[in-house]
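Read off the chains here:
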Amino acid sequence: MILVTGASGHVGGELVELLADRGRQVRALVRDPADSGVRPGVEVVGGDLNRPESLFEALRGVDGVFLLGGFSDMSGVLARAKAAGVGHVVLLSSRSVVGGHLDNAVVGMHMGSEAAVHESGIEWTVLRPSGFMSNTFEWVGQLSAGDVVRAPFADASIATIDPYDIASVAAAVLGRAEHFGQNHPLSGPAALLPADRVEILAKVLGRPLRFEGQPDGEARDEMSRTIPAKYVEAFFRFFVDGEFDDTPVLPTVEELTGRPPRTFEEWAATHAKAFR
Ligand SMILES: NC(=O)c1ccc[n+]([C@@H]2O[C@H](COP(=O)([O-])OP(=O)(O)OC[C@H]3O[C@@H](n4cnc5c(N)ncnc54)[C@H](OP(=O)(O)O)[C@@H]3O)[C@@H](O)[C@H]2O)c1
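The shown structure was predicted, so the numbers you read here are calculated from the model rather than taken from an experiment.

Calculation rules
- Residues numbered from 1 in each chain as written.
- Predicted model: local features only at pLDDT ≥ 70, side-chain atom pairs only at ≥ 80, totals over all residues.
- Heavy atoms only, no water.
- 1 Å grid on protein atoms, 1.4 Å probe; cavity = no way out; pocket = protein on both sides within 12 Å on 5 of 7 lines; lining within 4 Å.
- Points joined across faces, edges and corners; volume = space filled by probe spheres on them.
- Helix = DSSP H or I, 4+ residues; strand = E, 2+ residues; numbered from the N terminus.
- Nonpolar A, V, L, I, M, F, W, Y, C, P; charged D, E, K, R; others polar.
- Buried < 20%, exposed > 50% of the residue type's maximum accessible area, 1.4 Å probe, protein only.
- pLDDT = per-residue confidence, 0-100.
- Near = heavy atom within 4 Å.
- Polar contact = N/O pair within 3.5 Å; in protein donor to acceptor, adjacent residues only side chain to side chain.
- Areas by Shrake-Rupley, 256 points an atom, 1.4 Å probe, with all protein chains shown as cover.
- Axes fitted to C-alpha atoms, helices over the stretch in contact; angles between N-to-C directions.
- Parallel < 35°, antiparallel > 145°, perpendicular 65-115°, else oblique.
- Left-handed = near helix turned anticlockwise from the far one by under 90°.
- Contact = heavy atoms within 4.5 Å.
- Expected span 1.5 Å × (residues − 1).

## Some remarks on empty space enclosed by the protein
One way to see where empty space is left: roll a probe the size of a water molecule over the atoms.
Consideration 1: Considering all chains together, one arrives at two cavities of 30 Å³ or more under this definition.
Consideration 2: Here the largest cavity defines a volume of roughly 80 Å³.
Consideration 3: Together, L3, T5, L29, L49, L55, L59, V65, L67, V77, L78, A81 and V89 line the largest cavity.
Consideration 4: Elements with a minimum of two residues in the lining of the largest cavity: β4 (64–68) and α3 (74–83).
Consideration 5: With three residues, the single largest contributor to the lining of the largest cavity is α3.
Consideration 6: Within the lining of the largest cavity, the residues separate by chemical class into eleven nonpolar, one polar and no charged.
Consideration 7: In this model, the second largest cavity occupies a volume close to 40 Å³.
Consideration 8: Forming the walls of the second largest cavity are S96, V98, G100, H101, N104, V107, F238, E243 and F244.
Consideration 9: Broken down by class, the residue content of the lining of the second largest cavity amounts to four nonpolar, four polar and one charged.

## Here's the deal with the environment of A83
Consideration 1: Structurally, A83 can be placed in helix α3.
Consideration 2: The class for A83 is exposed, based on a relative accessible area of 71%.
Consideration 3: It is 20 Å that separates the C-alpha atoms of A83 and V26, two residues lying 57 residues apart in sequence.

## Concerning the confidence of the model for the protein chain
Consideration 1: Counting all residues, the mean pLDDT for the protein chain is 97, and 100% of those residues have values of 70 or more.
Consideration 2: Highest mean pLDDT in the protein chain belongs to strand β5 (residues 88–92) (99); lowest belongs to helix α5 (residues 140–145) (96).

## Notes on the site of the ligand
Consideration 1: Taken together, 24 residues form the shell around the ligand, and within it S8, V11, R31, D48 and L49 come nearest.
Consideration 2: Taking V11, its main chain carries an N or O atom lying 2.7 Å from an oxygen atom of the ligand.
Consideration 3: When isolated, the ligand has an accessible area of 930 Å², and the protein chains bury 76% of it.
Consideration 4: Looking at the shell around the ligand, the elements with two or more residues in it are α1 (10–21) and α4 (105–118).
Consideration 5: Residue composition of the shell around the ligand, by class: nine nonpolar, 13 polar and two charged.

## Focus on the packing of α1 against helix α6 (residues 163–173)
Consideration 1: Close contact between α1 and α6 brings their axes to 8 Å; oriented N to C, the two are set at 50°. As summarised for this structure, α1 and α6 are arranged oblique, according to the angle between their axes. Note on packing geometry: the crossing formed by α1 with α6 is right-handed. On α6, the residues that touch H10, V11, E14, L15, L18 and L19 of α1 are P163, Y164, I166, A167, S168, A170 and A171.
Consideration 2: A breakdown of the residues in the contact of α1 with α6 according to their chemical character gives ten nonpolar, two polar and one charged.

## Quick look at helix α7 (residues 194–205)
Consideration 1: Helix length check: α7 (twelve residues) gives 16 Å between terminal C-alpha atoms against 16 Å at 1.5 Å per residue, within 8%.
Consideration 2: Within the span of α7, buried status applies to P194, R197, V198, I200, L201, A202 and L205.
Consideration 3: Contact partners of the buried residues in α7: α5, β7 (148–151), β9 (210–213) and α11 (264–270).
Consideration 4: Of the residues one or two after α7, G206 is the one with positive phi, at around 65°.

## Overview of the environment of E123
Consideration 1: Take E123: it is sitting in strand β6 (residues 123–129).
Consideration 2: Between the alpha carbons of E123 and G100 there is a distance of 24 Å; along the sequence they are 23 residues apart.
Consideration 3: When residues no more than four places from it in sequence are discounted, the contact partners of E123 are G87, H88, V89 and F180.

## Section: α1
Given 3.6 residues per turn, any residue in an α-helix points the same way as the ones three and four places further on.
Consideration 1: With twelve residues, α1 extends 17 Å between its outermost C-alpha atoms, agreeing within 8% with the 16 Å of an ideal straight helix rising 1.5 Å per residue.
Consideration 2: Regarding α1, the residues found buried are V11, G12, G13, L15, V16, L18 and L19.
Consideration 3: The secondary structure elements touched by the buried residues of α1 are β1 (2–4), β2 (26–30), β4, β5 and α6.
Consideration 4: The first or second residue beyond α1 is G23, which carries a positive phi of 75°.

Written out as structure tokens, the structure is:
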């Protein structure tokens, strides 16, 4: 039995679908089982990753866990998993940790989760993806109001990855001994500026979309309304100060799944309905 955390999210949602399609036994962890969006036929269990004691039922009889990071007591979560007899944890981290600065809050969060996995006594595999194509959903509100996307970090090129590809890698490595103790950095097939993503989205949607770069001061104020200050600072260090180069295109998705990573065009076509 595989327990998928974040099963209502972008990566976990795709992973539940993939595992269920392949006939593997899968259990979906969500905080509210009544409103999970998980497909019928898949076992859904409630639990809160910030409260390790709430995970007892979810971990019963589980061999492998797909685990999101960044929760308040990752060691506590992993201790519960170990006690339940889990044999392999696949952690979703970020490639910002590679050469990253520990005092950057995002890097520190992921490094802390990786350290907890290393110290858990459970076999582990860490996935370190680039920025997600699904971050583009942040533009849904603007695109329902008009044809202009005004967004921060106009010069930040990112080899964005489709969450489907992260999930495909997770499905390929779960329970496989040759991946124990491995860190897999992952990327999409091309480095794209926000303006490139807008141009592709415009073609896919058949709309005359236009990109406008947000000045840094305006972006900082807007982000600070919804994101804790330490994470706003972390993103400015990444993409304005240049602490994180998320442009390299890697062969790892193809090596691990046997097919190339999906393009942003494919992602946009798959999710076009959300932008119409
Ligand atoms: N976005 C990026 O570019 C990027 C890049 C690298 C790494 N990452 C990492 O990827 C992860 C996000 O993945 P995603 O995009 O698939 O997720 P997502 O779509 O943002 O959804 C978040 C998921 O986390 C679950 N969740 C939140 N708080 C929880 C809690 N206390 N207990 C249990 N579940 C909880 C939510 O479930 P419910 O609300 O249903 O309970 C939901 O399924 C984060 O760890 C992030 O750091 C993201």
